[in-house]
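Chain and residue survey
These are the residues of each chain, in order.
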Protein chains: 2
Amino acid sequence: MPMPERLLIEGVRSRVLRGRTGRRVRVGIGDDCAVLRLPKGHEALVTTDFSLEGVHFRRDWHGPEVVGHRCLTRGLSDIAAMGGDPVAAFLSLALPAKLPQKWVDGFAEGLLDLANEFDVPLAGGDTAQSPGGILADIVVMGSVPTGKAVLRAGAKAGDWIYVTGILGGSAAAIEALRRGKRVSRKDYPEHFHPMPRIAVGRLLRERGLASAMIDVSDGLSTDLGHICEESGVGAEIEAGAIPLARKATLGNALHGGDDYELLFASRGRVPAQIQGVAVTRIGRVVRGRKMTLLRGGRRFELKAKGWQHFG
Amino acid sequence: MPMPERLLIEGVRSRVLRGRTGRRVRVGIGDDCAVLRLPKGHEALVTTDFSLEGVHFRRDWHGPEVVGHRCLTRGLSDIAAMGGDPVAAFLSLALPAKLPQKWVDGFAEGLLDLANEFDVPLAGGDTAQSPGGILADIVVMGSVPTGKAVLRAGAKAGDWIYVTGILGGSAAAIEALRRGKRVSRKDYPEHFHPMPRIAVGRLLRERGLASAMIDVSDGLSTDLGHICEESGVGAEIEAGAIPLARKATLGNALHGGDDYELLFASRGRVPAQIQGVAVTRIGRVVRGRKMTLLRGGRRFELKAKGWQHFG
């Protein structure tokens with residue numbers, strides 16, 4: 001902090017500086033720290049996520065708006081997975097000297113369009129010249145009523161396991177891109193335009209419907225593994241019940257990442273749709289520590305084989 | 001968030017995971033977000049700062065402990081400049097595949113020693129494999145009584161201008177390093193082991209002694225310029241009054257950066273020492289917008305010529 005003038009990221013600055021202080025952000029960009037007010041009786045949530053060129057995105061695969069959108073989605077999705085509300089975002093952004101201004105403008109547009117959609121002011125960050133590729137680190141601060149955050153721990157044997165939306169679309173897109181295919185954004189909206197499930201997460205928390213929750217960012221098998229580990233339980237998943245994205249295989253859905261859907265355990269009755277988002281029951285929580293995949297009447301051990309960054 | 005297992009940063013993990021939840025950090029590393037509790041009647045402060053190899057440090061100039069220490073100092077110093085108290089830190093860290101584990105251990109040691117000294121738990125972050133050099137982004141969250149943060153705006157004509165500690169040591173060290181000199185840590189403690197002025201900042205805020213405050217991270221001329229701009233005032237600085245580090249020139253002190261001292265305006269009587277740190281009066285706030293340097297009975301225009309990253 002703060003964003004110094006020495007770097008021309010006008011695309012970000014010009015839109016960010018338009019009076020984005022308000023009820024929650026008392027002091028935004030332009031001081032040593034941002035000053036933020038939390039709602040009374042709330043705790044703070046904080047999450048940070050890198051978006052690094054060549055690791056989380058590739059400039060030849062992902063347009064600047066897509067990179068900006070996905071960058072903020074990563075942070076907002078973590079807030080959703082706690083049942084929280086986003087309060088403000090902070091962006092640390094290092095750019096190579098020769099990056100066209102057009103790229104920066106596109107990145108800012110993608111990020112800020114999503115920020116506006118969720119009413120999350122960009123309240124600060126840092127800028128630098130990058131010695132290598134484009135480096136972004138997004139920080140999102142959120143709030144949740146004290147003691148009410150939905151953790152990964154909390155699932156109990158007998159709970160049902162649910163997932164929002166559809167899975168595997170992002171991994172399928174990456175596979176197609178790797179094969180050198182022409183990939184249209186419309187065919188893979190889950191990859192190019194993932195939506196953080198803030199409203200669903202909030203409602204699940206308010207109604208006490210989720211005993212444990214995580215967002216599917218590293219792949220269903222890995223993220224379910226985190227819930228099992230933190231809760232000290234096992235899980236059985238019905239392969240046939242997993243909601244697949246249009247071009248996704250079961251493998252994409254199980255082990256692909258970047259879906260940004262919510263995976264949660266519940267003892268209660270969960271509606272089949274929440275805030276317009278499908279919610280699907282895919283299995284149940286069991287005793288022990290094993291994860292099992294049920295497929296065609298047979299049982300397979302489900303191992304965490306999470307998403308690997310593409311180098 | 002969270003720190004995934006896929007990267008072996010054992011040096012950080014093993015020390016970080018030792019029960020660092022507590023009164024303020026309700027949930028630390030290991031969930032989608034950290035959950036933090038602020039003291040009653042307090043607002044949140046948030047600051048983010050990059051430490052990028054080749055931009056903010058060089059591996060041949062700075063040992064890993066120094067890089068870790070300076071990385072966290074950048075964040076804590078911003079909290080100090082608001083008169084706040086640090087609550088928790090978050091580290092996003094991307095490391096090249098071939099980096100020796102020893103480097104990571106040293107970095108963690110430098111960062112965590114300082115964190116322990118200020119009782120700031122590392123409550124989360126992100127990790128990734130870096131496509132280039134070492135990339136760190138430190139986030140510090142702090143707290144301050146509601147409405148009491150000391151901003152850059154607030155200085156008024158007639159206020160005196162003060163600075164803590166000594167200036168220019170860091171710029172002098174960089175100059176010596178550039179000239180290929182052997183530079184000992186003992187000769188330039190301000191560069192290799194800067195201390196964030198948390199206690200001083202807090203006391204100034206508690207006693208209402210600072211009308212405006214900033215930390216000297218970009219150089220006195222630039223940071224004073226920020227206070228003048230935000231406060232709508234000018235300033236006169238006595239060259240002879242500026243407390244110089246042992247090997248520093250006036251130019252180092254005026255335009256060097258990375259000092260991490262506090263620069264503030266005050267209408268009140270400020271003690272010459274606070275919490276063991278010298279506090280020196282170096283000038284006064286005047287009407288208008290100009291910054292003037294008084295030297296040998298003559299007046300010079302003082303232009304903001306802040307610190308440039310060494311590429």
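This report concerns the structure included in the present document. None of these values were measured; they are calculated from a predicted model. (Residues numbered from 1 in each chain as written. Chains lettered and ligands numbered in written order. Predicted model: local features only at pLDDT ≥ 70, side-chain atom pairs only at ≥ 80, totals over all residues. Heavy atoms only, no water.)

Turning to the relation of the copies chain B and chain A, a few remarks are in order. Overlaying chain B with chain A gives an RMSD of 0.0 Å, the required rotation being 180 degrees about an axis along which the chain moves by 0.0 Å. On the angle and the small slide along the axis, the relation comes out as a two-fold axis. For chain B, the smallest separation between a C-alpha atom and the rotation axis is recorded for Gly 132 of chain B, amounting to 3.0 Å. Comparing contact sets, 100% of the residues at the interface of chain B also lie at the interface in chain A, consistent with an isologous, same-surface contact. (Least-squares fit on C-alpha atoms with pLDDT ≥ 70 in both. Contact = heavy atoms within 4.5 Å.)

With that settled, consider the packing of aromatic side chains. What the rule picks out here adds up to six aromatic pairs over all chains. Summarising the aromatic geometry, the rings of Tyr 162 of chain B and Phe 264 of chain B are spaced 5.4 Å apart at their centres and angled 15 degrees between planes, so their arrangement reads as stacked. A residue pair is termed long-range when its members are at least 10 positions apart, and Tyr 162 of chain B in strand β7 (residues 160-164) and Phe 264 of chain B in strand β10 (residues 262-266) qualify at 102 residues. Of the residues examined, Tyr 162 of chain B reaches a relative accessible area of 6% and is grouped as buried. Phe 264 of chain B sits in the buried class, given a relative accessible area of 0%. An aromatic cluster of three or more residues is present, and its members are Phe 57, Trp 103 and Phe 107 of chain A. (Phe/Tyr/Trp six-rings, centres within 6.5 Å; stacked < 30°, edge-to-face > 60°. Helix = DSSP H or I, 4+ residues; strand = E, 2+ residues; numbered from the N terminus. Buried < 20%, exposed > 50% of the residue type's maximum accessible area, 1.4 Å probe, protein only.)

Moving on to the pairing of strand β13 (residues 291-295) of chain A. All names here are of chain A. Of all five residues in β13, four are buried; the element is thus mostly enclosed. In this sheet, β13 lies alongside strand β9 (residues 234-238) in parallel orientation, the contact comprising four bridges. Considered in β13, the bridge of Ile 237 is made with Leu 293. In terms of strand pairing, β13 meets strand β14 (residues 298-301) through four bridges, oriented antiparallel. Looking across to β14, one finds that Arg 295 is bridged to Arg 298. Counting the residues that bridge the hairpin from β13 to β14 gives two residues, and of these Gly 296 lies at a positive phi of roughly 55 degrees. (Pairing = 2+ DSSP bridges.)

Below, the discussion takes up the sheet that holds strand β2 (residues 34-36) of chain A. The mixed open sheet is built from six strands, whose spatial order is β1(A)-β2(A)-β3(B)-β6(B)-β4(B)-β5(B). Looking at the sheet topology across the chains shown, the edges are occupied by β1 (25-27) of chain A together with β5 (122-129) of chain B. Going across the sheet, the axis of each strand differs from the next one's by a mean of 25 degrees, ignoring polarity. Relative to strand β3 (residues 42-52) of chain B, β2 of chain A is paired through three bridges, and the arrangement is antiparallel. Bridging across to β3 of chain B, Leu 36 of chain A finds its partner in Ala 44 of chain B. (Axes fitted to C-alpha atoms, helices over the stretch in contact; angles between N-to-C directions.)

Residues and elements named next belong to chain B. Tracing the backbone shows Asp 258 in the loop between α8 (250-255) and β10. What makes Asp 258 buried here is its relative accessible area of 2%. Separated by 2.9 Å, the side chains of Asp 258 and Arg 70 make a polar contact. (Polar contact = N/O pair within 3.5 Å; in protein donor to acceptor, adjacent residues only side chain to side chain.)

Right, let's talk about the pattern of salt bridges for a bit. All names here are of chain A. Going through the model one piece at a time under the given rule, you end up with 34 salt bridges over all chains. Glu 65 is the salt-bridge partner of Arg 185, the closest N and O atoms lying 3.9 Å from each other. Of this pair, Arg 185 sits in the loop between α4 (169-178) and α5 (189-192) while Glu 65 is found in helix α2 (residues 64-80), placing the two residues 120 residues apart along the sequence. Using a relative accessible area of 46% as the deciding quantity, one classes Arg 185 as partly exposed. Classification of Glu 65 by relative accessible area gives partly exposed; the value is 31%. A salt bridge links Arg 299 to Glu 236, with the shortest nitrogen-to-oxygen separation between them at 3.1 Å. Residue Arg 299 is located in strand β14, and its partner Glu 236 is located in strand β9; the two are separated by 63 residues in the primary sequence. Residue classification places Arg 299 among the exposed positions, given a relative accessible area of 54%. (Salt bridge = Lys/Arg side-chain N within 4 Å of Asp/Glu carboxyl O.)

Look at Tyr 260 of chain A: it is not a glycine, yet its phi comes out positive at around 55 degrees. Along the polypeptide, Tyr 260 of chain A turns up in the loop between α8 (250-255) and β10 (262-266).

What follows deals with the packing of α2 of chain A against helix α3 (residues 101-117) of chain A. Working note: a packed helix pair is described by the angle between its axes plus the distance between those axes. All names here are of chain A. At their nearest, the axes of α2 and α3 sit 6 Å apart, and the two run at 40 degrees to each other. One way to sum up the angle between α2 and α3 is to call them oblique. In this structure, the crossing between α2 and α3 has a hand that is right-handed. In contact with Pro 64, Glu 65, Val 67, Gly 68, His 69, Cys 71, Leu 72, Thr 73 and Leu 76 of α2, α3 contributes Trp 103, Gly 106, Phe 107, Gly 110, Leu 111, Leu 114 and Ala 115. Residue composition of the contact of α2 with α3, by class: 10 nonpolar, five polar and one charged. (Parallel < 35°, antiparallel > 145°, perpendicular 65-115°, else oblique. Left-handed = near helix turned anticlockwise from the far one by under 90°. Nonpolar A, V, L, I, M, F, W, Y, C, P; charged D, E, K, R; others polar.)

The next point concerns the side chain of Ser 231 of chain A. Residue and element names in this part refer to chain A. Assignment of secondary structure puts Ser 231 in helix α7 (residues 220-231). Judged by relative accessible area, Ser 231 falls into the buried class, the value being 17%. When near neighbours in sequence (up to four residues on either side) are disregarded, Ser 231 contacts Arg 152, Ala 153, Gly 154, Ala 155 and Ala 212.

For the rest of this paragraph, the subject is the interface of chain B and chain A. Across the boundary between the two partners, chain B contributes 59 residues, which contact 59 residues of chain A. Of the roughly 4600 Å² buried between chain B and chain A, counting both surfaces, carbon and sulfur atoms make up 55%. The partner of Arg 37 of chain B in a salt bridge is Glu 43 of chain A, and the shortest N-O contact between them spans 2.5 Å. Between the two partners, chain B and chain A, sit 17 residue pairs in polar contact (both at pLDDT 80 or more). Of the residues forming the side of chain B that touches chain A, the biggest block, nine residues, is contributed by β3 of chain B. (Buried area = accessible area lost by both parts, 1.4 Å probe.)

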